[in-house]
2 protein chains.
Amino acid sequence: MDQAANPALLSTASATFEQDFAQRLHWSAEQDAAIEERVAAILADVQQRGDAAVLEYTARFDGLQAGAMAQLELTAAELKAAYDGLPAVQRDALTAAARRVRSYHEAQKKASGESWSYRDEDGTLLGQKVTPLDRVGIYVPGGKAAYPSSVLMNAIPAHVAGVTEIIMVVPTPRGEKNPLVLAAAHVAGVTRAFTIGGAQAVAALAYGTATVPKVDKITGPGNAYVASAKKRVFGQVGIDMIAGPSEILVLADGSTPADWVAMDLFSQAEHDELAQAILLCPDAAYIDAVLAAMNRLLPGMPRAGIIAKSLAGRGALIHTRSMEEACAISNRIAPEHLEISSTDPHRWEPLLRHAGAIFLGAYTSESLGDYCAGPNHVLPTSGTARFSSPLGVYDFQKRSSLIEVSEAGAQELGQIASVLAHGEGLQGHARAAEMRLKGG
Amino acid sequence: MDQAANPALLSTASATFEQDFAQRLHWSAEQDAAIEERVAAILADVQQRGDAAVLEYTARFDGLQAGAMAQLELTAAELKAAYDGLPAVQRDALTAAARRVRSYHEAQKKASGESWSYRDEDGTLLGQKVTPLDRVGIYVPGGKAAYPSSVLMNAIPAHVAGVTEIIMVVPTPRGEKNPLVLAAAHVAGVTRAFTIGGAQAVAALAYGTATVPKVDKITGPGNAYVASAKKRVFGQVGIDMIAGPSEILVLADGSTPADWVAMDLFSQAEHDELAQAILLCPDAAYIDAVLAAMNRLLPGMPRAGIIAKSLAGRGALIHTRSMEEACAISNRIAPEHLEISSTDPHRWEPLLRHAGAIFLGAYTSESLGDYCAGPNHVLPTSGTARFSSPLGVYDFQKRSSLIEVSEAGAQELGQIASVLAHGEGLQGHARAAEMRLKGG
């Protein structure tokens, strides 16, 4: 029974659709007070005791004993050895993926991450200078969900931005190291790497210890402890986002082989039992075909148990009145991954306002984007695509406004500033402007 | 005695400089557990009881009684009336400032906020589409620090980004409305406005109530309760940043009239007693001249008491060995406002890596930037310029990656993805890629 695909079958024409839909969608990253409290204690302890505290938590939570933090550092030689030791096909795939990811992020930097300025007629210069962060920390989950691709997706944009020091942390429970993760760190050009994880690793990066350097920003996904720790140190350091379970939404016009769409839904559902896979389609017969394909393909999947649970708990195949309605529902969901599985994807793309990444056309399986198309696979989840963006070069840059007011400009601006500053009761501001006026 | 300017006088040549410097710099937004607890309770209450809870807190904290939330909404007519009722000079200043702020942010959007894409040789399309947020909330502090300029600085970038609904909240303790704030809301094109504040206003915007619409992001500064509430709702909605006390750092080569620099330091110190004003200069005689100017000018300042306390508690005039050393120290501080008061500001600007806004040359007083030069005055404080940026159009936009893999592209990418997915134990990902291979 575990091996049947049982997503919810919904129809927008049904009287109970809104209710069914709301119930499926509901996922809430409730703040767990117990976790918050433990994380606060770990952060305070690491802030106070540094390396000693990190070593104790690593022994306790990861079952990894070490007498000194230096023992938990991965050397550049070790990363390179991991890369050299890979089968050639993996080494080549990793290198090819890294090359494409780098080239996409270079285009991104050029398109939206360069300094700019202009001069007014009176010679006043206005603009923004864009500079890289000095030092960032990237958190790479370890254990059962150790993803080398995540190393590339975090480190390469930082590298392209011009960050000089990239500090990676990755927990290695009981000391088990994943050679692909180490190799990816080598390919991506990580500066230093430590085999630590959890809230203690976030604390070490945020506050610095004798061994682990304090960083300016921490990116990368993690479990509930990591998420809580990142949220708590936010402000002291920058963070990227708080990741929830992964999601895919497929908008289908019925033209893509049903097997392909079924497998795309699986490829999200296999992440974990809370992952969400949704199909929106105006063609009822196609929905039937996808469901049949799912049931045919499921038993052959090594992660069938996880897929079945994800589909039964959070999956849905939704019959819509039209593609337009499907687009409108997609906007309500603001999915992390959005496939437009259609012969005419560019017809629908402009209607889609909120999504982490949009995959156009039948050939663009989400998994190509996950690994090697080039765009980042760290994407906003749980509807946060309403207000946030894929991880990118811009996450590793910051901007400083540039203002150079000419003498002539100061005459015009000074009078405006003076009036407004007096209106706010800030006479120092007013006087500073007035002093620059001729005869002021 | 209150009326003397007593900033710390430091020298980088002194043996105790590092210690003195660290002591001056130290400012920590310690999380106050009592505030966190009260804020959590207010948020939960508003999430549960909506308008009723907001009305109760507004009565309790702002001394403002209302029978229904509708009474706490400012109508468009009321905003316009406030604008029409201003003296012409204020109306003109507000309009001129708004025009310049708009024009700067339009340039910003063009330089770094437009969609982009490119095609690979095999026809694969990659890029990012940039879209505005649907609805944002802007928090405008009320009471003694009610700044109409902040209304412009928050609402105009949102407007330029293309946000359709801008919801303003501004507390009006005991019902006292600031006509300049209302007028600024009119000029900036705020969609709706409510006279509510504190954690309850943040909660209303984050969760929505029967009357206050739920927004996608909340921007704008506030007190410790507002900051704690914003941090807590982060993830459910976007937030801009957590603001600390305001800061100015002046790098001076001794060429600017000492009075001007003294007044620039005052204009930051007058904000509040925790504000920080620092001068870095290699010319000891000039430092003496600035100090003398401060003492001469201070008694004439209406906010002399606040200025004196800020300078005594957190101000510093630092004698450096060189301008280069001054730049290096500035980078360690990563100030919110950074003035290069020099005849050759473009010589030093490239050395300055971290700052919210950089003001070049003697005529560019910080106050011109605060009100009307064009760039945003909402800037990263407390050293967060190491990793964050001025509020901008980009804060009101988000990005969706675009990926359209051609059939040819799927052949190359599919093989890479397949290898990497198998390496991560994600066979669904691998199969989805393999199915797109010819003969797959």
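Note that residues are indexed from 1 along each chain, following the sequence as it is written. Working convention: letters from A go to chains and numbers from 1 go to ligands, in the order in which they are written. Only residues with pLDDT of 70 or above have their local features reported here, since the model is predicted, and side-chain atom pairs are shown and tallied only from 80 upward, although totals for entire chains, interfaces and linings are computed over all residues. Heavy atoms throughout the structure, all of them, feed into the side-chain values; hydrogens and water do not.

1. Here we look at the overall build of chain A
A tally of regular secondary structure across chain A gives 17 helices and 15 strands. Working definition: with a 1.4 Å probe on protein chains only, accessible area under 20% of the residue-type maximum means buried, over 50% means exposed, and in between means partly exposed. Sorting the 440 residues of chain A into buried and exposed places 62% on the buried side. What makes two residues a contact is simply this: any of their non-hydrogen atoms within 4.5 Å. Counting contacts in chain A only where the partners sit at least 6 residues apart, residues at least 24 apart contribute 73% of the total. For the area figures, the Shrake-Rupley method with a 1.4 Å probe applies, and any residue is considered shielded solely by the protein chains shown. Of the roughly 15,100 Å² that chain A leaves accessible, carbon and sulfur atoms contribute 52%. Neither His nor the chain termini are counted; the positive set is Lys and Arg, and the negative set is Asp and Glu. Just so you know, the charge point we use is NZ for Lys, CZ for Arg, CG for Asp and CD for Glu. One way to put it: in chain A the 37 positive side-chain charges average out to a point 5 Å from where the 48 negative ones average out. Helix and strand definitions here come from DSSP, where helices need a minimum of 4 consecutive H or I residues and strands a minimum of 2 consecutive E residues; each element is numbered from the N-terminal end.

2. Section: the interface of chain B and chain A
Between chain B and chain A, the residue contacts involve 120 residues of the former and 120 residues of the latter. Summing both partners gives a buried area of about 10,500 Å² for chain B against chain A, and 59% of it is carried by carbon and sulfur. Salt bridge, as used here, is a side-chain nitrogen of Lys or Arg placed within 4 Å of a carboxyl oxygen of Asp or Glu. Where chain B touches chain A, the interface holds 12 salt bridges. Here Asp134(B) makes a salt bridge to Arg353(A), at a shortest N to O gap of 2.9 Å. Polar contact is defined as a pair of N or O atoms within 3.5 Å, subject to the rule that within protein one atom must be able to donate a hydrogen and the other to accept it, and that residues adjacent in sequence are counted only when both atoms are side-chain atoms. Our enumeration of links across chain B and chain A arrives at 71 residue pairs in polar contact (both at pLDDT 80 or more). When residues of the side of chain B that touches chain A are assigned to their parent elements, the largest contribution, 13 residues, is made by helix H5 (residues 88–112) of chain B. With three bridges joining them, strand E15 (residues 397–404) of chain A and strand E14 (residues 357–360) of chain B adopt parallel strand pairing. Reported buried area values correspond to the accessible surface (1.4 Å probe) lost by two parts on association, with both partners' losses combined. When DSSP finds at least two bridges between two strands, those strands are taken to pair.

3. Brief notes about the UniProt feature "binding site: substrate" (unreviewed entry) in chain A
UniProt positions are given in the numbering used here, feature names are shortened, and annotations may be inferred rather than shown by experiment. Per the UniProt annotation, the sites labelled "binding site: substrate" (unreviewed entry) are Ser246(A), Gln268(A), His271(A), His337(A), Asp370(A), Glu424(A) and His429(A). Spanning 184 residues, the named residues are also spread out in space, since their farthest C-alpha pair is 55.8 Å apart. Within the element layout of this structure, Gln268(A) appears in helix H10 (residues 258–269). Take Gln268(A): its relative accessible area is 0%, and that puts it in the buried class. Beyond its immediate chain neighbours, meaning those up to four positions away, Gln268(A) contacts Ser246(A), Glu247(A), Ile248(A), Ala275(A), Gln276(A), Glu336(A), His337(A) and Glu366(A). Here His429(A) lies in helix H17 (residues 427–435). With near-sequence residues (within four places) excluded, His429(A) lies in contact with Ala421(A), Ser267(B), Glu270(B), His271(B), Glu366(B), Ser367(B), Asp370(B) and Tyr371(B).

4. Let's talk about unusual backbone geometry
Residue and element names in this part refer to chain B. Residues other than glycine seldom take positive phi values, yet Ala334 does so here, at roughly 50°. Considering the arrangement of structural elements, one finds Ala334 in the loop between helix H13 (323–333) and strand E13 (337–341). For Ser382, which is not a glycine, the phi torsion comes out positive at approximately 55°. Inspection of the secondary structure assignment puts Ser382 in the loop between helix H15 (366–371) and strand E15 (397–404).

5. Quick look at the packing of aromatic side chains
Side-chain rings of Phe, Tyr and Trp, where Trp is taken by its six-membered ring, are said to pair if the distance between their centres is within 6.5 Å; with planes under 30 degrees apart they count as stacked, over 60 as edge-to-face, and otherwise as tilted. Scanning the entire structure with this criterion turns up 11 aromatic pairs over all chains. For the ring pair Trp260(A) and Tyr363(A), a centre distance of 5.4 Å and an interplane angle of 65° mean the geometry is edge-to-face. With Trp260(A) in helix H10 and Tyr363(A) in the loop between strand E14 (357–360) and helix H15 (366–371), this pair connects stretches of sequence that are 103 residues apart. Residue classification places Tyr363(A) among the partly exposed positions, given a relative accessible area of 22%. Measuring from centroid to centroid gives 5.7 Å for Tyr57(B) and Phe61(B), while their planes differ by 10°, and the two rings are stacked. In this pair, Tyr57(B) and Phe61(B) are both assigned in helix H3 (residues 51–62), four residues apart and thus about one turn of the helix distant. Residue classification places Tyr57(B) among the buried residues on the basis of a relative accessible area of 8%. Taken together, Tyr104(A), Trp116(B) and Tyr118(B) form an aromatic cluster joined through their ring pairs.

6. With respect to helix H1 (residues 17–25) of chain B
Residue and element names in this part refer to chain B. Within H1 the residues assigned to the buried category are Phe17, Phe21 and Arg24. In an axial view of H1, the angular spread of the buried residues amounts to 65°, which keeps them on one side of the axis. More than 90 degrees from the buried face of H1, the exposed residues found are Gln19 and Gln23. Directions are taken from the helix axis to each C-beta atom, and the arc is the one they span.

7. Let's talk about the sheet that holds strand E12 (residues 316–319) of chain A
The strand order across the open sheet built from nine strands is E1(A)-E12(A)-E11(A)-E10(A)-E13(A)-E14(A)-E15(B)-E4(B)-E3(B), with neighbouring strands paired in mixed fashion. What marks the edges here is a single partner per strand, and that holds for strand E1 (8–11) of chain A together with strand E3 (116–119) of chain B. Between one strand and the next, the sheet's axes are offset by a mean angle of 20°, whatever the strand orientation. Structural elements are reduced to axes, namely lines fitted to C-alpha atoms, with helices fitted over the stretch in contact, and the angle between N-to-C directions of any two is expressed from 0 to 180 degrees. Sitting on the sheet, helix H5 (residues 88–112) of chain A touches E3, strand E4 (125–132) and E15 of chain B, and the angle it makes with E3(B) is about 140°.

8. A word on the UniProt feature "binding site: Zn(2+)" (unreviewed entry) in chain A
With numbering aligned to this structure, UniProt lists the feature "binding site: Zn(2+)" (unreviewed entry) at Gln268(A), His271(A), Asp370(A) and His429(A). Look at the named residues: they lie 162 residues apart in sequence, and the longest C-alpha span between them is 55.8 Å, so in the fold they stay spread out. Secondary-structure assignment places Asp370(A) in helix H15. Since its relative accessible area comes to 8%, Asp370(A) is described here as buried. Those residues within four positions of Asp370(A) in sequence are excluded, and the remaining contacts are Ser149(A), Met153(A), His337(A), His377(A) and His429(B).

9. A word on the side chain of Arg100(B)
Secondary-structure assignment places Arg100(B) in helix H5. Overall, the relative accessible area of 13% leaves Arg100(B) in the buried class. Among the polar contacts listed, one links the side chain of Arg100(B) to the side chain of Asp120(A), at a separation of 2.6 Å. Engagement of the side chain of Arg100(B) in a polar contact is seen with the backbone oxygen of Cys372(B), the distance being 3.0 Å. Those residues in contact with Arg100(B), other than ones at most four positions away along the chain, are Asp120(A), Thr124(A), Leu126(A), Glu412(A), Leu413(A), Cys372(B), Ala373(B) and Gly374(B).

10. Quick word on the pattern of salt bridges
Residue and element names in this part refer to chain A. A full pass over the atoms with the stated rule returns 46 salt bridges over all chains. The salt bridge partner of Lys309 is Glu273, with a shortest N-O separation of 4.0 Å. Taken together, the positions of Lys309 in helix H12 (residues 304–314) and Glu273 in the loop between H10 and strand E11 (276–281) put the pair 36 residues apart, joining distant regions of the chain. Given the relative accessible area of 45%, Lys309 is considered partly exposed. With a relative accessible area of 40%, Glu273 lands in the partly exposed category. For Glu434, the salt bridge identified is with Arg431, shortest N-O distance 3.4 Å.

11. Looking at the sheet that holds strand E6 (residues 165–169) of chain B
The strand order across the open sheet formed by six strands is E2-E7-E6-E5-E8-E9 (chain B), and the pairing between neighbours is mixed. Only two strands of the sheet have a single partner each, and these edge strands are strand E2 (73–74) and strand E9 (238–239) of chain B.

12. Re helix H4 (residues 76–84) of chain A
Side chains that are three or four residues apart share a direction in an α-helix, a result of its 3.6 residues per turn. All names here are of chain A. By the burial criterion, the buried members of H4 are Leu79, Ala82 and Tyr83. With its buried residues spanning 100° around the axis, H4 presents them on a single face. Residues of H4 that are buried make contact with strand E2 (73–74), H5 and helix H7 (179–188).

13. Some points on the relation of the copies chain B and chain A
The copies are overlaid by a least-squares fit using only the C-alpha atoms of residues whose pLDDT is at least 70 in both copies. Expressed as a screw transformation, the operator carrying chain B onto chain A has a rotation angle of 180° and an axial translation of 0.0 Å, and the superposed copies differ by an RMSD of 0.0 Å. On this basis, the relationship between the two copies can be described by a two-fold rotation axis. Considering only C-alpha atoms, the part of chain B nearest the rotation axis is Ser112(B), at 2.0 Å. Most of the interface of chain B is mirrored in chain A, where 100% of its interface residues again form contacts.

14. Comments concerning the pairing of E12(A)
Relative to E12(A), E1(A) runs parallel, the two being bridged by four bridges. Bridge assignment links Ser11(A) to a residue of E12(A), and that residue is His319(A).

15. Overview of the pairing of E4(B)
All names here are of chain B. Most of E4 sits out of view: seven of its eight residues are buried. As judged from the four bridges shared by E3 and E4, these two strands associate in the antiparallel manner. Its bridge partner lying in E4, Arg119 is registered against Leu125. What sits between the antiparallel neighbours E3 and E4 is a turn of five residues, in which Gly123 has the positive phi angle 90°. The sheet contact formed by E4 and E15 spans eight bridges and is antiparallel. In the strand pairing of E15, Lys129 is matched with Ser400.

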